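Coordinate analysis (summary)
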Amino acid sequence: MFAVQASPIDVSVVREAVGRPGAGAVLVFEGVARDNFDGRPVLGLDYEAYAEMAVPQMEAIAAELATRWPGARVAMVHRTGSLEIGEASVVIAVSAPHRVEAYEASRFAIDALKARVPVWKKERYADGAAWKANAESPTTGVEAP
Amino acid sequence: MFAVQASPIDVSVVREAVGRPGAGAVLVFEGVARDNFDGRPVLGLDYEAYAEMAVPQMEAIAAELATRWPGARVAMVHRTGSLEIGEASVVIAVSAPHRVEAYEASRFAIDALKARVPVWKKERYADGAAWKANAESPTTGVEAP
Amino acid sequence: MKIHVRHFAVLREQRGCELEEVEVAPGTTAAALYDLLFPPGLEGQLPVLFAVNQAYVARAAVLVEGDEVAFIPPLGGG
Amino acid sequence: MKIHVRHFAVLREQRGCELEEVEVAPGTTAAALYDLLFPPGLEGQLPVLFAVNQAYVARAAVLVEGDEVAFIPPLGGG
């Protein structure tokens, strides 16, 4: 399950997508809209995505993950539109035979998503708004990741 | 929320226990009954706990976690009794301002639970059953952890 | 030749539209098209990655008739 | 003095009960009580941790009247 959607993410649906009898560990990561950025109050977040490209990028991350951690499965859904504080912007579920692979694969998936999947975030403040880039986003002049 | 219970664990209840406006990441770990152990078919698991001691041990792990990762919160519930394949034996939810702390604190919590919380597991096979110890469990002669 | 350009986030706001059709000469690269639509000025250009037909490409990738091009500003997903 | 002993998992199965009341002399340690109830035989003893009143203690911990003692076999939680 790989999707970009404007409606709130149902975490249980993402989690169920990775269930299997050989799984001994399931790890569900939620990125959540936080009420501040380095202490500055944030009222909400707006996410925008290039959906037709974001989903294939998620699928490519999943294929790489399955190669690096055999037996692991991943599902990921990213939200778009206006989010209230406390709402999930992204949900990534990973299952694996053992927990060590589950943690490693989950970290890989969220790190890769932040670096490659075309999604943008705008923070809303009391006095305006600003686009905020991930530290993981490749900087100018680099070739395609 | 720290509990040992015979009924199936409602993951969403454990997750909601750690929600807060300053959380930017929530990580939910589920230990799941797997259909095999190193390839040998497993039909189901039986868990037994020293509940009156297990809950205080969970609380002690949570206190240590909050000291090591300020701003992080944890909730943990362990199942007892007979589990079918695919059912969760343990659910640990962690929230933190940023995802790096969430992953570190979650790993700490499950590793500490396996090493300290008095819970035991019996694997059921087609031809019998056996108590199985965690690799993390302290071995003979060590002092109390 | 005709190129379909998708604009997102800060570039969408700068350009004032989500989609535009641009006529360019054969041999035009992704980077050249970016310079055309977002000329480097006193403020400099926003660093971007380049995507053609929903896949990342090198900045020097040569465009062909009908390509869908997007300039990918710094990402904020997660 | 009277000690309440809780048995779990493989030790519960070996002993055939979950709880027993044991009368021991003052000064008895947790480890000595374990040796009393699970004498080291040809098979050797199961390695255990010691708990008194629901907290881990050292094997040399001295018991007092009314203590709840448990021998903690290798853990399997998670």
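Our structure is the block above this text.
Residues numbered from 1 in each chain as written. Chains lettered and ligands numbered in written order. Predicted model: local features only at pLDDT ≥ 70, side-chain atom pairs only at ≥ 80, totals over all residues. Heavy atoms only, no water.

1. Observations concerning the pattern of salt bridges
A side chain of one charge can pair with a side chain of the opposite charge when the charged atoms of the two come close. For clarity, the cut-off: One side-chain nitrogen of Lys or Arg within 4 Å of one carboxyl oxygen of Asp or Glu is enough to make a salt bridge. Strands here are runs of E lasting at least two residues and helices are runs of H or I lasting at least four, both read from the DSSP assignment and numbered beginning at the N terminus. In this scheme, a residue with accessible area under 20% of its type's maximum is buried, one over 50% is exposed, and one in between is partly exposed, where area comes from a 1.4 Å probe on protein chains only.
Under the definition given, this model contains 32 salt bridges over all chains. A salt bridge links Glu 13 of chain C to Lys 122 of chain A, with the nearest nitrogen and oxygen atoms 2.4 Å apart. Remark: Lys 122 of chain A occurs in strand β9 (residues 119-125) and Glu 13 of chain C occurs in helix α1 (residues 9-15); the pair is interchain, linking two chains. Classification of Glu 13 of chain C by relative accessible area gives partly exposed; the value is 38%. Salt-bridge contacts for Glu 16 of chain B lead to Arg 15 of chain B; the nearest nitrogen and oxygen are separated by 4.0 Å. By relative accessible area, Arg 15 of chain B is classed as buried at 11%. Through salt bridges with shared partners, a single ionic network connects Arg 99 of chain A together with Arg 107, Asp 111 and Glu 136 of chain B.

2. Looking at the interface of chain A and chain B
What counts here: Here, residues are in contact when the closest pair of their heavy atoms is within 4.5 Å. Take the accessible area each of two parts loses on contact, using a 1.4 Å probe, and add the two losses: that sum is the buried area. The definition of a polar contact used here is a pair of N or O atoms within 3.5 Å, where within protein one atom must be able to donate a hydrogen and the other to accept one, and adjacent residues in sequence count solely through side-chain atom pairs.
Listed by partner, the interface residues are 28 residues for chain A and 29 residues for chain B. Summed over both sides, the interface of chain A with chain B buries roughly 2500 Å², with 47% coming from carbon and sulfur. In this structure, the connection of chain A to chain B is made through six salt bridges. Glu 136 of chain A is paired through a salt bridge with Arg 99 of chain B; the nearest N and O atoms lie 2.7 Å apart. There are 17 residue pairs in polar contact (both at pLDDT 80 or more) connecting chain A and chain B. Residue assignment for the side of chain A that touches chain B shows that the elements contributing at least two residues are β2 (25-32) and α3 (99-116) of chain A.

3. Structural notes on the relation of the copies chain A and chain B
Keep this limit in mind: Only residues with pLDDT of at least 70 in both copies contribute their C-alpha atoms to the least-squares superposition of the copies.
Its rotation angle being 180°, the transformation that places chain A on chain B also includes 0.0 Å of axial translation and leaves an RMSD of 0.0 Å. The symmetry that links the two subunits is that of a two-fold axis. Looking at the rotation axis and the C-alpha trace of chain A, the residue lying nearest is Val 28 of chain A, at 2.5 Å. Counting the interface residues of chain A, we find that 100% of their copies in chain B are interface residues as well, pointing to one common contact surface.

4. Considering helix α2 (residues 51-68) of chain A
Residues separated by three or four positions in an α-helix point in the same direction, a consequence of the helix having 3.6 residues per turn. Defined as follows: For a helix, the expected span equals 1.5 Å multiplied by the residue count minus one.
The terminal C-alpha atoms of α2 of chain A lie 26 Å apart, and with 18 residues this matches the ideal 26 Å at 1.5 Å per residue to within 8%. Turning to α2 of chain A, its buried residues are Met 53, Ala 54, Gln 57, Met 58, Ile 61, Ala 62 and Leu 65 of chain A. Where α2 of chain A is buried, its residues touch β1 (2-5), β6 (73-79) and α3 of chain A together with β3 (49-52), β4 (55-57) and β5 (68-72) of chain C.

5. Structural notes on the pairing of strand β5 (residues 44-49) of chain B
Residues and elements named next belong to chain B. Quick note on the threshold: Note on pairing: two strands pair once DSSP finds at least 2 bridges between them.
Counting buried residues along β5, five of its six residues qualify, which places the element largely inside the surrounding structure. Across four bridges, the pairing between β5 and strand β7 (residues 81-84) is antiparallel. Bridging across to β7, Gly 44 finds its partner in Glu 84.

6. Quick look at the interface of chain C and chain A
Heads up, the condition is: In this classification, Asp, Glu, Lys and Arg are treated as charged, Ala, Val, Leu, Ile, Met, Phe, Trp, Tyr, Cys and Pro as nonpolar, and every other residue, Gly included, as polar.
Taken together, the contacts link 25 residues of chain C with 33 residues of chain A. The largest per-residue losses of area from chain C upon contact with chain A belong to Tyr 56, Leu 75 and Gly 78 of chain C, which jointly make up 29% of the total buried on that side. Linking chain C with chain A are three salt bridges, by the criterion used here. Residue Arg 12 of chain C is joined to Glu 48 of chain A by a salt bridge in which the shortest nitrogen-to-oxygen separation is 2.6 Å. For the pair chain C and chain A, the interface holds 17 residue pairs in polar contact (both at pLDDT 80 or more). For the side of chain C that touches chain A, the secondary-structure elements that each account for two or more residues are α1, β3, β4 and β5 of chain C. Looking at the side of chain C that touches chain A, the element that brings in the most residues is α1 of chain C, giving four residues. Of the residues contributing to the side of chain C that touches chain A, the split by class is 15 nonpolar, five polar and five charged.

Take it as geometry only, folks, not as evidence of what the structure does.
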